[in-house]
Amino acid sequence: MPGILSNVRVLEVSNGPSGSFCAKLLADQGADALKVEPPGWGDQARHEPPFIGGDPHPDRGTTFLAFNTNKRGITLDVEQAAGRDCLLRLAETADVIIECYPPGRLNDLGIGYEKFQEVNSKVILLSITYFGQDGPYADWEGDDLVAQAMGGFLYAVTGSADRPPMGTALQQMEITAARNGVIAIMAALFRRDQTGEGTHIDLSTIEAAVSTPSGLIHPYTFTGRSPHRGGSDRNVMDGMHLPTKDGEVTLTTAGTGGRPMEVWAEFLEEPGLLDAKFASRQSRLENWEDLHNLVAPKLSQWNNLDLMRETMGRGLVVGLVQSPVQVVESPHLAERGFFVELEHSEVGTLKYPSAGFLMDGSNPMQTARAAPRLGEHNAEILGGELGLSTEELGVLRAARVI
Amino acid sequence: MSSVGILEGVRVLTLEQVHALPWGTGFLADLGAQVIRIESLDHLQDRKAGPFPDGKPGDEWWNEGGNLAYFGTRNKQSLCLDVTSSDGKEVFLKLAANSDIVTDNFRPGTMQRFGFDHESLIEVNPRIITLSGTAYGYTGPWRRAGSRARTVDAACGLSYLTGYEGGPSMRASNNYMDHSVGNNVAYALLLALYNRNQTGQGMRIDLTMQETGVSAIGPAILEAQRDISRTRLGCGHLWQSPHNVYPCRDNDRWIVIVVTNDQEWQLLKQAMDNPAWAEESRFASTLGRWEHRHELDEYLGRWTAGQDDQELMQKLQNQGVIAGAVFTAQDLANNVHLDERGFFSEFDNPNAPRVGPRKYAGRPFRDPGIPMAITSAAALGEHNGVVLREVAGLSAAEIEALAASGVIATTPRPEEQSP
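Residues numbered from 1 in each chain as written. Chains lettered and ligands numbered in written order. Predicted model: local features only at pLDDT ≥ 70, side-chain atom pairs only at ≥ 80, totals over all residues.

**Quick look at the overall build of chain A**
Step number 1: Scanning chain A for helices and strands turns up 18 helices and twelve strands.
Step number 2: The dimensions of chain A, computed from C-alpha atoms along their principal axes, are 80 × 50 × 45 Å.
Step number 3: Within the span of chain A, comprising 402 residues, buried residues form 57% of the whole.
Step number 4: By sequence separation, contacts in chain A at least 24 residues apart represent 69% of the contacts at least 6 residues apart. (Helix = DSSP H or I, 4+ residues; strand = E, 2+ residues; numbered from the N terminus. Buried ≥ 20, exposed ≤ 12 C-beta atoms within 10 Å, placed from the backbone. Contact = placed C-beta atoms within 7 Å.)

**As for the overall build of chain B**
Step number 1: The helix and strand inventory of chain B stands at 19 helices and twelve strands.
Step number 2: Its C-alpha atoms put chain B at 85 × 50 × 45 Å along the principal axes.
Step number 3: Here chain B holds 419 residues, and 57% of them are scored as buried.
Step number 4: Here the contacts in chain B between residues at least 6 apart in sequence split such that 69% fall between residues at least 24 apart.

**Considering the domain arrangement of chain B**
Step number 1: Domain annotation for chain B reports domain 1 (11–216 + 343–404) and domain 2 (243–333).
Step number 2: Centre-to-centre, using C-alpha coordinates, domain 1 of chain B lies 42 Å away from domain 2 of chain B. (Domains from an automatic or database assignment.)

**Remarks on the interface of chain A and chain B**
Step number 1: Each partner contributes residues to the interface: chain A has 114 residues there, and chain B has 115 residues.
Step number 2: With 15 residues, helix 8 (residues 172–195) of chain A is the largest single contributor of residues to the side of chain A that touches chain B.
Step number 3: The class makeup of the residues in the side of chain A that touches chain B is 65 nonpolar, 35 polar and 14 charged.
Step number 4: Here strand 6 (residues 199–204) of chain A pairs with strand 12 (residues 365–366) of chain B via two bridges, running antiparallel. Of the residues in strand 12 of chain B, the one forming a bridge with L203 of chain A is F365 of chain B. (Nonpolar A, V, L, I, M, F, W, Y, C, P; charged D, E, K, R; others polar. Pairing = 2+ DSSP bridges.)

**What to know about the pairing of strand 11 (residues 357–360) of chain B**
Regular strands have side chains that alternate between both faces of the sheet.
All names here are of chain B.
Step number 1: Every second residue of strand 11 is oriented toward a common face, the buried set being R358 and Y360 and the non-buried set P357 and K359.
Step number 2: In this sheet, strand 11 lies alongside strand 10 (residues 345–348) in antiparallel orientation, the contact comprising four bridges. Among the inter-strand pairings, S345 is bridged to a residue of strand 11, identified as Y360.

**Section: the nonpolar core**
Step number 1: In this structure, V10 and L26 of chain A together with I255 and V256 of chain B are the most contacted members of the largest nonpolar core, which totals 250 residues.
Step number 2: Residues within four places of V256 of chain B in sequence aside, it is in contact with L145, V146 and A149 of chain A together with C235, N244, V245, A323, G324 and V326 of chain B. (Core = buried A, V, L, I, M, F, W, Y, C linked by C-beta atoms within 7 Å.)

**Things to note about the sheet that holds strand 9 (residues 322–325) of chain B**
Residues and elements named next belong to chain B.
Step number 1: Here we have three strands laid out as an open sheet, ordered 7-8-9, and antiparallel in their pairing. For this open sheet the edge positions go to strand 7 (243–247) and strand 9, each flanked by a neighbour on one side alone. Between one strand axis and the next, the sheet turns by 20° as a mean value, whatever way the strands run.
Step number 2: Across four bridges, the pairing between strand 8 (residues 254–258) and strand 9 is antiparallel. Bridging from a neighbouring strand, I255 pairs with A325 of strand 9. (Axes fitted to C-alpha atoms, helices over the stretch in contact; angles between N-to-C directions.)

**Details of the pairing of strand 10 (residues 340–344) of chain A**
Residues and elements named next belong to chain A.
Step number 1: Direction of pairing for strand 10 relative to strand 11 (residues 348–352): antiparallel, over a ladder of five bridges. Bridged to V340 within strand 11 is Y352.
Step number 2: Where strand 10 hands over to strand 11, the hairpin turn is made up of three residues, counted between the paired strands.

**With respect to the confidence of the model for chain B**
Atom-level detail of predicted coordinates should not be read off regions where pLDDT is low.
Step number 1: Averaged over all residues, the pLDDT of chain B equals 96, while 99% of them reach at least 70.
Step number 2: As a predicted assembly, this complex carries a pTM of 0.97 together with an ipTM value of 0.97. (pLDDT = per-residue confidence, 0-100.)

**Description of the environment of L242 of chain A**
Residue and element names in this part refer to chain A.
Step number 1: Of note, L242 is situated in strand 7 (residues 242–244).
Step number 2: Along the backbone, L242 and M1 are 241 residues apart, and their C-alpha atoms lie at a distance of 44 Å.
Step number 3: Those residues in contact with L242 that lie beyond four places of it in its chain are E248, V249, L251, V295, A296 and L299.

**What to know about unusual backbone geometry**
Step number 1: In the segment running from P49 of chain A into P50 of chain A, the intervening peptide bond is cis, with an omega of 0°.
Step number 2: Within the secondary structure layout, P50 of chain A lies in the loop between strand 2 (32–37) and helix 2 (62–67).
Step number 3: For the bond running from G50 of chain B to P51 of chain B, omega is -5°, close enough to zero to count as cis.
Step number 4: In this structure, P51 of chain B sits in the loop between helix 2 (45–48) and helix 3 (66–72).

**So, the domain arrangement of chain A**
Step number 1: Taken domain by domain, chain A holds domain 1 (9–214 + 360–398) and domain 2 (242–328).
Step number 2: Domain 1 of chain A and domain 2 of chain A are separated by 43 Å when their C-alpha centres are compared.

**Describing the packing of helix 1 (residues 20–30) of chain B against helix 9 (residues 176–199) of chain B**
All names here are of chain B.
Step number 1: Contact geometry of helix 1 with helix 9 gives a least axis separation of 7 Å together with a crossing angle of 45°. In terms of orientation, helix 1 lies oblique with respect to helix 9. Crossing of helix 1 over helix 9 shows right-handed handedness. Contacts between helix 1 and helix 9 involve A20, L21, W23, G24, F27 and L28 on the former and, on the latter, D178, H179, V181, G182, N183, V185, A186 and L189.
Step number 2: For the contact of helix 1 with helix 9, a count of residues per class yields nine nonpolar, four polar and one charged. (Parallel < 35°, antiparallel > 145°, perpendicular 65-115°, else oblique. Left-handed = near helix turned anticlockwise from the far one by under 90°.)

**Considering helix 1 of chain B**
Step number 1: Taken across its eleven residues, helix 1 of chain B has eleven buried, putting it largely inside the fold.
Step number 2: Note on helix 1 of chain B: the residue one or two positions beyond its end, G32 of chain B, has a positive phi of about 100°.

**Quick notes on the packing of helix 8 of chain A against helix 9 of chain B**
Step number 1: At their nearest, the axes of helix 8 of chain A and helix 9 of chain B sit 10 Å apart, and the two run at 25° to each other. Here helix 8 of chain A lies roughly parallel to helix 9 of chain B, going by the angle between them. With respect to the hand of their crossing, helix 8 of chain A and helix 9 of chain B are arranged in left-handed fashion. Contacts between helix 8 of chain A and helix 9 of chain B pair Q172, T176, R179, N180, V182, I183, M186 and L189 of chain A from the former with Y176, S180, N183, N184, A186, Y187, L190 and Y194 of chain B from the latter.
Step number 2: Across the contact of helix 8 of chain A with helix 9 of chain B, the residue classes break down as nine nonpolar, six polar and one charged.

Here it is in structure tokens:
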């Protein structure tokens, strides 16, 4: 089945994880996404470990593979005039262009929004940077950790109260920026259908971090207090991770009808939980070590999947702390058809996560292709679609434009 | 609703609670859709959640919470309707017949019990789009399980990968999954509307929190299939160093410093006035710095320890070194950069005069054609009359009868406890 966005063409000149993931989200729903990379080196993510098979290889980096599904790839040196000409010709037929260059950089090269608009008045340009296109920090540089720090996530959210700030794994602020990016792009596509006008969207990863995961600003402006990390410290029943026979679990007091200790005492067959010193949330925090010493041995008798099934049957809410291996092997996700298999000439067939939703009972993620090899579709796109001759392609190749 | 109204004419009925779904439908409301949030007097926890001015709920606490304005009833309408009563069910089906989208975040089975499942709704509205946002979806062995954002953080694999170096796993956040899922809800709904514009067809969407979470850790999912394990590194990095958080002057002040290549290492050395330790050969290459990252972090931490975090950030960034102060909410609310960019949304909720004007985070994208500001925060049942009259087509007498029998309401029951 063709994807919903199969009539949308995306040109990604991003060279940044947020832009890559944003274009991937569109490509996975059928958009014809062309990834434009610098010749020779390619997207920086091609060189970031770990690599499938162990040794560095530009087509085998796991981040690159994960963030670039369903795209076609070409190389173009936009520092050279011939490269820019090709890019502008591709822009003529693009609905959406995604870029992550420093503010003003594309303008300086003569391929800023105005230039794109000249060749395609309806084009939607999404610029993603850490700090946005203007403001005192616009020229600063960042990465996911800086976004976690300056977005307030690091101070307030993940770590322990009495330890240094600590953040989340795997570039979640880049992902968050991308998730906001597709919303903005969809809005711009609707608007374009109504008005015929394109637009330039300025998206900041730091602002995505501030606005999206943690909700810091209004809690502060309402109460005068800054949220502080440590929410799960000492919290046996509602936060800590506790060992099971084959992994870890995190409990909650949800689904207990306001009688958490009675219900959990019965489930775990541990009457010690009924002690008055565990009766309130506050007293459980104060006596957390005693509580831990009662709960942990009981939980460690359970297998993860059995514990999930039994608690679910009683309406209790727990979270298995699953390793990525357990996620990949999850019977639940298998039954839902969540993973899609994509074949790649360098790394073979792997299961990839899909979007997180089924549409009319089917997984809408496209399975056109795994991530492109560097310049894989040069001939197909620059030759076949732009109509460059074999000689012209040869000239571009010799000049290292492609 | 926004003045431009990209989604003007789109009507959304939403049976939503807590975070994820309200966050998602908030985007559609910002874009001008008529989002009708259906609320129940039996489940007022979102209206009890605050935050309240100075932490103290007022006499009309149910309209005062900051979360309502930030996402709960942001730019939405509120219809306080008991959909468990037979009259309420009838009204809901009349509304659904005239709506484009129906969303819910009940556990699977509840909508069917009410007679509001997709199959029932297409009987009254063949072009309907329905979305259920659940923990684990409508199919599969875990479909009956409930969740908190934290338990999904765990079940998707993110918690396992998060933690201090050498330490145990930790949940990444108590609510990141909610907001991340909310963003995915907005994307899925916009895709469904886009599809309907092209094909005329509605759609059923089964969206899950766990799967949205897994979709955010793709690299680790690929690695897991080829026996590559990712170790927990706190703020550390798989191959870069320095890449960590370092102490600054004053209690609990910190800075992150990131060096991605040799050139940036030279710039950092210059910024530090080239101390002798930094010239050691073991720190000369990317690999060497990473292998000796603990010693490097120790040295660097001693250098940052006496300095002001924000001044040091300015100095380092001005010299080309990637750095960022670890901002508190207070720092952010007073930040000159965010302020100059017009990031914040200042909103004075007329439904909560005691609250007065407050600053909220804005949306992270700026586009003159797509204003996303907070313009209203619906009071409990504020739109009962207008929605029942204009969307369900009820007469004034019928609406009055619903009010008299308690099927609709605008205030909590007298016995309801203040939060």
